[in-house]
Amino acid sequence: MAVELCLLLLLFCGSTISEVQPIYKPPPGTLDFGFVPSKTYDTGAYHEPGAIGVLFKIVHAFLYLVQPNTFPQDLIRKLAQQQFGNTQGDYQKAIYYEIGFIVSAALGLLFILLLPLVGLCFCMCRCCDNCGGEMHQRQKKNADCQRSCFATFLFVASLIISVGVLCAYAANQHLTNQVRGAKKLVNSNFKDLKIFLNDTPAQIDYLVNQYNTTKDKALSDLNNVGPVLGTRVQEQLGKEVRPALDAALTMAGAIRETKEALENVSVSVEVLQEGTERLHANLTDVKMHLSNTLNDSACNAAQAASTCNIIRNSLDQLDINANFSGLPGVSSQLAKINDVLKIDLSSLVQKGYAAFNDTPDLVVNQTRNILSDIKSVLESIGSNITTFTRALPVQKILADLMVYLTQSEAYVQDYFPVVEQYDFYRWLGCLILCCMLVLILVFYYLGLLCGTCGYDKHASPTTRGCISNTGGNFLMAGVGFSFLFSWLLMIVVVLTFVTGGNVEKLVCEPFEDKNLFKVLDTPYLLNKHWKNYLAGIIFKNPNVNLTFEKVYSDCKENKGIYTSLHLEHLFNINELLNISMYTEDVALKIEHIQINLSKIILLDEIGKENLLNFSSSGIDGIDFSAYLTEINKSVTKVDLLSFANDLEARADQLPKGALENALKGHANNIRMIHNQQVVPLEQAMSTLNQSIRLLKRTSSELMVKVKNVISAVNAAQNLINNNASQVIVQETKKYMDTIIGYFEQYTEWVKESIAMEVAACKPIANVIDTAIDIFLCSYIADSVNTFWFGLGGSSMFLIPAIIFAVKLSKYYRRMDTEDVYDDTENGNNGYHKEHLYGIHNPVFTSSVEQW
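Residues numbered from 1 in each chain as written. Predicted model: local features only at pLDDT ≥ 70, side-chain atom pairs only at ≥ 80, totals over all residues. Heavy atoms only, no water.

J.: What exactly am I supposed to notice about the overall build of the protein chain here?
T.: What the protein chain contains, in helices and strands, is 28 helices and two strands. Of all 851 residues assigned to the protein chain, the portion counted as buried reaches 47%. In the protein chain, the share of contacts with a sequence separation of at least 24, taken over all contacts with a separation of at least 6, comes to 89%. Roughly 42,400 Å² of accessible area belongs to the protein chain as shown, and the carbon and sulfur atoms make up 57% of that amount. (Helix = DSSP H or I, 4+ residues; strand = E, 2+ residues; numbered from the N terminus. Buried < 20%, exposed > 50% of the residue type's maximum accessible area, 1.4 Å probe, protein only. Contact = heavy atoms within 4.5 Å. Areas by Shrake-Rupley, 256 points an atom, 1.4 Å probe, with all protein chains shown as cover.)

So, in structure tokens, the structure goes:
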């Protein structure tokens, strides 16, 4: 009943799973569903026996020696199917498997039968003064050696018996302690089961509520359809639109740059023309004055003649080199460019940018009705989930389960004192058995103590002291109780050995290596009509592959019960809540989105006409070669600074006087001309050079460039007007897959959560482990096996202890008669002749009871 109720409860978990067949699944934004609420189970289904675990391992090793055969799966299957014995070799296989137990039990039975019989015969024999019953001791030369050996052997045997008693007592006490502490473990299991039941509905509610996360994300994207879908459409169209608008904007900038360059050319040419004329006039004056100075009579002197001639010959270099007066003007081109700039092309392009950037707003305005329909579909999904949740009898199932669990817990709590009471009786009985051995050991230890301490090697057997005689009597008392108790002890040993040993070999070991589950999973084992018994009980369909081993292993790994029990065979999720149907509705609504972008004008006809006017402005007709030819020339034929420096150096070669000073004055005048006139002209030439080269680059294939820009704008406009629908359909499909992807993430997360987290069935595996591995095997079987191991070992060593005790008691007890020898025969070891031939000692004639 409990299992069925658990299954019904977990059926609800599957209500949130659906299958979606995606057409295209881009990587959508990852949704964060958080962690399924769960509590930690308290039960640790593992038992650590502590120090006594060493004894358990020794017992396991002994059982392996007794029974090394593998688990007889075939025999167990036949026994469960009531087919054992149908085959001729079944009994032989069973005997072969149990041969170790059979032989050991047979030896135990032989011990039970023979030891009392031997004890009876031994008693009767001693009553007839035989078997050591005669109170006469014959003296031997090695008497001391024999006495010492018998005492040692008896002491060793007693020690071994003591160890066995301690093992048995430890096992007995361990079982009692574990039974007393089992209540805490039982309560822990019940607590975990309650947590299992109480947390499951909260986990289910959490899974259902997380649909809101999916819905909110989808609604968020729908509410932001402009930034989402509009931006995607804009990005796809922008691959052609933006380069076209960028090219048009670049061309608008080129027009402004062209105007600036033409103005710079016009101004620079005018400055250069005026400057070169003034420079030419100044250089002519300098040459004239230099020539007059060189015609001075001082130059006729022998020392100055050669220098003056050199200077006179270099005067022709003082002249201008570049002639800008013949360069054509650019006023007509500048006028046309000014006409072009009357229309602000940049402003027109920016309007195109603005119109294109309004794409998200256009998407929002044109999808309002469809988005409201999609939102209603999403809301209907949530309401259907809520309706379905309320329709399931979760609370009733939980109440029934909790009642059943509470009744079970109350039953255990009520009967647990009875278990403790019966365990007390068991503990007391086992303690009495241990006390029997302790009583025997007390007699043996007291006998050894009294005999050893009271023994006088100089005393004759008939004159032994009271303490020595008491030690011998204790030993014989121990022998008597050994015969009385040994058979009873061995009966208990045989019964617990056969029971506990087979439980260990047939239940505990197969449970640990899961061979027991393999037997239970045998087809048609527990029900001859069902292939899989567990599937037949749960699903009423024995053909489902559901095994005890797989369920136990999955629960051991704390997987969800939905996965462990394969509840998908019982609960058809798609039929109960088919989210794919709703996602199809959403996809259909999204596919009907139609967006018209024809209102977007990238560049109107005025802007295009403006571009064509720029291409026909005539800047490509400028004679750039004439400009560049003059620009590449220097302003003067010679560097005036170098000429002035050279002139001053030659003046220094002349004799000191008026000629030298006059030449240096001319050199300074030349430097002044260079600084005031040549340098500004060089700057104007540099400006002219930059402007001319810019105009040359701009004018290069200007018509082709403008046509390319206009063609690109027209192509982009055509894409928006005619082909944008394809882009919109493509991006709408991607957008739809993103929205559906949220639902797919949700369903996958629900599946994974149900498989691994919801209703994790670790408590069920813990209950099985607690019942079999801990209670039956670790608490009971190991303790019982250790008890019979210690008790049986002690009982077996009673036999040598009896023999050595009987032999040793002869050396401790006071004899009635003794052997007497002459001194001449035995030296100082002999006794006096008045004791010859066993004459009774007049002083110590014994009246002690004889055995």
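This is not the end of the story, as more comes after the structure.
J.: Is there a simple way to explain the state of the cysteines in this structure?
T.: A covalent bond between the sulfur atoms of two cysteines is what we call a disulfide. According to the stated counting rule, one finds two disulfides in the structure shown. What pairs with Cys508 in a disulfide is Cys777, and their sulfur atoms sit 2.1 Å apart. Disulfide Cys508-Cys777: the torsion about the S-S bond is -100 degrees, which places it as left-handed. Separated by 269 residues along the polypeptide, Cys508 in helix H14 (residues 466-512) and Cys777 in helix H26 (residues 762-796) bring together distant segments of the chain. Take Cys508 and Cys777: they sit in the same class, and that class is buried. Disulfide partner of Cys555: Cys761, at an S-S distance of 2.2 Å. Where Cys555 bonds to Cys761 through sulfur, the torsion about that S-S bond is close to -105 degrees, and the disulfide is left-handed. With Cys555 in helix H17 (residues 548-556) and Cys761 in the loop between helix H25 (702-756) and H26, this pair connects stretches of sequence that are 206 residues apart. For the pair formed by Cys555 and Cys761, the shared burial category is buried. (Disulfide = S-S within 2.5 Å.)

J.: Please explain the pattern of salt bridges as it appears in this structure.
T.: Two side chains that carry opposite charge are able to pair once their charged atoms sit near each other. In total, this model carries nine salt bridges according to the counting rule given. With a closest N to O distance of 2.6 Å, Lys550 and Asp554 form a salt bridge. Here Lys550 pairs with Asp554, and both are found in helix H17, just four residues apart, close to one helical turn. We classify Asp554 as buried; its relative accessible area is 3%. One salt bridge connects Asp769 with Lys556, and the closest N-O pair in it is separated by 2.4 Å. Placement of the pair is Asp769 in helix H26 and Lys556 in helix H17, with a sequence separation of 213 residues. For Asp769, a relative accessible area of 1% corresponds to the buried category. Several salt bridges share partner residues, and in doing so they unite Lys550, Asp554, Glu557 and Lys559 into one network. (Salt bridge = Lys/Arg side-chain N within 4 Å of Asp/Glu carboxyl O.)

J.: Explain the layout of surface pockets here, please?
T.: Approximately 1,200 Å³ is the volume attributed to the largest pocket. Along the walls of the largest pocket sit 43 residues, with Leu193, Ile764, Val767, Ile768 and Ala771 positioned nearest its centre. Among the elements of the structure, helix H1 (2-11), helix H5 (143-209), helix H13 (394-454), helix H15 (515-520), helix H16 (533-539), H17 and H26 are those that each provide at least two residues to the lining of the largest pocket. Its residues assigned to classes, the lining of the largest pocket comprises 39 nonpolar, two polar and two charged. (1 Å grid on protein atoms, 1.4 Å probe; cavity = no way out; pocket = protein on both sides within 12 Å on 5 of 7 lines; lining within 4 Å. Points joined across faces, edges and corners; volume = space filled by probe spheres on them. Nonpolar A, V, L, I, M, F, W, Y, C, P; charged D, E, K, R; others polar.)

J.: How should I be thinking about H5 in this particular structure?
T.: Turn by turn, an α-helix covers 3.6 residues, leaving residues three or four places apart pointing in a common direction. Taking 1.5 Å of rise per residue, 67 residues should cover 99 Å, and H5 covers 95 Å from first to last C-alpha, within 8% of that figure. At Gly181, H5 shows its maximal bend, which comes to roughly 35 degrees. (Expected span 1.5 Å × (residues − 1). Bend = angle between axes of the 7 residues up to and from the residue.)

J.: Teacher, can you tell me more about the side chain of Ser188 here?
T.: Following the sequence through the fold, Ser188 ends up in helix H5. Once residues lying within four places of it in the same chain are set aside, the contact partners of Ser188 are Asp42 and Thr43.

J.: Where do I start with the packing of H26 against helix H27 (residues 798-812) in this structure?
T.: Two quantities define a packed helix pair, namely the angle between the helix axes and the distance between the axes. At a closest axis distance of 4 Å, the pairing of H26 and H27 adopts a crossing angle of 30 degrees. Compared by their axis directions, H26 and H27 come out roughly parallel. Between H26, through Ser794, Ser795 and Met796, and H27, the contact on the second element is made entirely by Leu798, Ile799 and Pro800. Considered class by class, the residues forming the contact of H26 with H27 number four nonpolar, two polar and no charged. (Axes fitted to C-alpha atoms, helices over the stretch in contact; angles between N-to-C directions. Parallel < 35°, antiparallel > 145°, perpendicular 65-115°, else oblique.)

J.: Help me understand the confidence of the model for the protein chain, please; the structure alone is not making it clear to me.
T.: Across the protein chain, the average pLDDT comes to 77, with 82% of residues at 70 or higher. Helix H2 (residues 53-66) holds the highest mean pLDDT among the elements of the protein chain, 91, whereas H1 holds the lowest, 35. Counting contacts from residues 1-28, a segment whose pLDDT is below 50, to residues more than four positions away or on other chains yields 87 contacts. (pLDDT = per-residue confidence, 0-100.)

J.: Which parts of the structure should I look at to understand empty space enclosed by the protein?
T.: Empty pockets left among the atoms are what a rolling probe the size of a water molecule brings to light. Inspection of the entire model under this criterion finds one cavity of 30 Å³ or more. For the largest cavity, the calculated volume is near 30 Å³. If you trace the largest cavity, you find it lined by Leu520, Asp521, Asn532, Tyr533, Leu534, Leu546, Thr547 and Phe548. Class assignment of the residues belonging to the lining of the largest cavity gives a composition of five nonpolar, two polar and one charged.

J.: Got a minute to help me understand the packing of H14 against H27 in this structure?
T.: Where H14 contacts H27, the two axes come as close as 8 Å, and the packing angle between them is 160 degrees. As the angle between them shows, H14 and H27 are arranged roughly antiparallel. The two elements H14 and H27 meet at a crossing, and its hand is left-handed. Where H14 abuts H27, its residues Ser468, Asn469, Gly471, Gly472, Leu475, Met476, Val479, Ser482, Phe483, Ser486 and Leu489 lie against Leu798, Ile802, Ala805, Val806, Leu808, Ser809, Tyr811 and Tyr812. Here the residues of the contact of H14 with H27 sort into 12 nonpolar, seven polar and no charged. (Left-handed = near helix turned anticlockwise from the far one by under 90°.)

J.: Would you mind going over unusual backbone geometry with me for this structure?
T.: For residues other than glycine, phi is negative in most cases, and the peptide bonds are mostly trans. With phi around 65 degrees, Lys514 is a residue other than glycine that occupies positive phi space. Given a relative accessible area of 26%, Lys514 falls into the partly exposed group. You will see that Asn558, though not glycine, has its phi angle at about 65 degrees, which is positive. Its relative accessible area of 29% is what places Asn558 among the partly exposed residues.

J.: Looking at this structure, I do not really get the packing of aromatic side chains. What am I missing?
T.: All chains considered together, the criterion is met by 21 aromatic pairs. Plain terms: the ring middles of Phe497 and Trp788 are 4.8 Å apart, the flat faces sit at 85 degrees to each other, and that makes the pair edge-to-face. Of this pair, Phe497 sits in helix H14 while Trp788 sits in helix H26, and the two are 291 residues apart along the sequence. Assigned by exposure class, Phe497 and Trp788 land together as buried. Seen in terms of ring centroids, Trp530 and Tyr533 are 5.8 Å apart; in terms of plane orientation they differ by 45 degrees. Their pairing is tilted. Residue Tyr533 is classed as partly exposed on the basis of its relative accessible area, which comes to 28%. Following the ring pairs from residue to residue traces out a cluster consisting of Phe62, Phe101, Phe497, Trp788 and Phe789. (Phe/Tyr/Trp six-rings, centres within 6.5 Å; stacked < 30°, edge-to-face > 60°.)

J.: Explain the environment of Leu433 here, please?
T.: Looking at the secondary structure, you find Leu433 in helix H13. As for Leu433 and Val492, which are separated by 59 residues in sequence, their C-alpha atoms are 9.0 Å apart. When near neighbours in sequence (up to four residues on either side) are disregarded, Leu433 contacts Leu489, Val492, Phe787 and Leu791.

J.: Please explain the environment of Val442 as it appears in this structure.
T.: Among the secondary structure elements, Val442 is positioned in helix H13. Accessibility expressed as a relative area gives 37% for Val442, which makes it partly exposed.

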